[in-house]
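Examination of the molecular architecture
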Amino acid sequence: MLECRDLSFHYDRHDPGETPDFHFSFRLAPGECLSVEGPSGSGKSTLLGLLAGFLEPAGGTLAWQGQDLLALPPWERGITTVFQEHNLFDQLPVWLNVGLGLAPDMKLTREQRVRIREGLAEVGLEGLQDRLPGELSGGQRQRVALLRALLRGSRVLLLDEPFSGLDETTRDGLWALVRRQKAAGAAVVLVSHDRDDIEALADRRCRLEGGRLWPVD
Ligand SMILES: Nc1ncnc2c1ncn2[C@@H]1O[C@H](COP(=O)(O)OP(=O)(O)OP(=O)(O)O)[C@@H](O)[C@H]1O
C-alpha cells in the first residue's frame, strides 16, 4: 500500500498570489491506479514532485508497505516518474536509453536486450533502436521515455499526461504495458484529463482543487 497522509507543502512567495497550501492524503494498493485531474496550476506537478522526492514536504507521511519513503532519496524510493518532458540522453541510442531503465550501469544481459527489442516492437518503434533521440519525432521520444519507465518494473509509477498526442494504436500498446505493470503489483498515479486514458487505466479517480485531493465518482 502506498500511503500518503497529510503530505503538506507551500511555495515560498513574496507576492500574495492564489497558490494554496497543499495537503495531500490518499491510499493506493499495489496494482491500483489513481487518476488525478485538475486545472492548470492546481498542483498536479507539485504532488508528483513530493511523491518522487524532488520536493521536500513541510509535514505529513509517505510510506510504501509501511516503509517510510520520506527518509529515502528519490533514487531509492522505487518510484519511477514519466514527465511531460522526456529526459532522454541525447548521446545514447534508443535501445540504450530504454536499457538504462533495466541496468543503470548499461551492462545489459541477453534477456534484457531481448526484452528491450520486444518492448520497442510493442510500442511501434521497431527498427529505430540505433537512432539517437534527436533523430526521432516528439511522439517517438515520448514512447522511448515511457518504455524505459515501464520496463524498469518499479513498485510505484507516476505518469504525467503520458499518452497525449499519440495515435490510437501506439496508445493501446502503451496502455497494455501499464496494465502489465499493474498486474505485476505496481501502484500507478496517473495525471490525465483524457477520458479514454482514465477509463482504460484508472480504478479510482480524484480531482485536485484548493490544494487537496477530492474523490470523483
Ligand atoms: N517554484 C515555484 N514557486 C512558486 N510557486 C510555484 C512554483 N512552482 C509552481 N508554483 C505554483 O504552484 C501552483 C501549482 O503548480 P503546479 O505546477 O504543481 O500545477 P499543475 O497542476 O501541475 O499545472 P499544469 O497543469 O499547468 O502543469 C501554481 O499556482 C504555480 O504557480
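In case you missed it, the structure is sitting above this.
For the structure given in this document, a descriptive report is provided here. Every value quoted in this text rests on a predicted model; they were computed, and no experiment measured them.

What follows covers the pairing of strand 7 (residues 156-160). For strand 7, the tally of buried residues reaches five of five residues, placing the bulk of the element in the interior. Here strand 6 (residues 79-82) runs beside strand 7; their pairing, made up of four bridges, is parallel. The partner of Ile79 across the bridge, within strand 7, is Val156. Strand direction decides the pairing type here: strand 7 and strand 8 (residues 187-191), joined by five bridges, are parallel. For Leu158, the partnering residue across the bridge sits in strand 8 and is Val189. After leaving strand 7, the chain enters helix 5 (residues 168-183) and then returns to the sheet as strand 8, a path that is right-handed.

In terms of nonpolar packing, the biggest core is built from 36 residues, with Leu159, Phe163 and Leu174 touching the most fellow members. Breaking this core down by element, the ones donating at least two residues are helix 2 (94-102), helix 3 (110-122), helix 4 (138-151), strand 7, helix 5, strand 8 and helix 6 (195-201). Broken down by element, the residue count for this core peaks at seven residues, all from helix 4. Residues Cys4, Phe9, Val191 and Leu208 belong to the second largest nonpolar core, which totals 28 residues.

Now for the sheet that holds strand 4 (residues 59-64). Read across the sheet, four strands follow the order 2-1-4-5 without closing on themselves; strand pairing throughout is antiparallel. Both outer strands of the open sheet, strand 2 (22-28) and strand 5 (67-68), are each paired with one neighbouring strand and no more. In this structure, strand 1 (residues 2-9) lies alongside strand 2, joined through six bridges in antiparallel fashion. When the bridges of strand 2 are listed, Ser8 appears paired with His23.

Rules and cut-offs
Residues numbered from 1 in each chain as written. Predicted model: local features only at pLDDT ≥ 70, side-chain atom pairs only at ≥ 80, totals over all residues. Heavy atoms only, no water. Buried < 20%, exposed > 50% of the residue type's maximum accessible area, 1.4 Å probe, protein only. Helix = DSSP H or I, 4+ residues; strand = E, 2+ residues; numbered from the N terminus. Pairing = 2+ DSSP bridges. Right-handed = clockwise from strand over helix to strand, strands pointing away. Core = buried A, V, L, I, M, F, W, Y, C linked by side-chain atoms within 4.5 Å.

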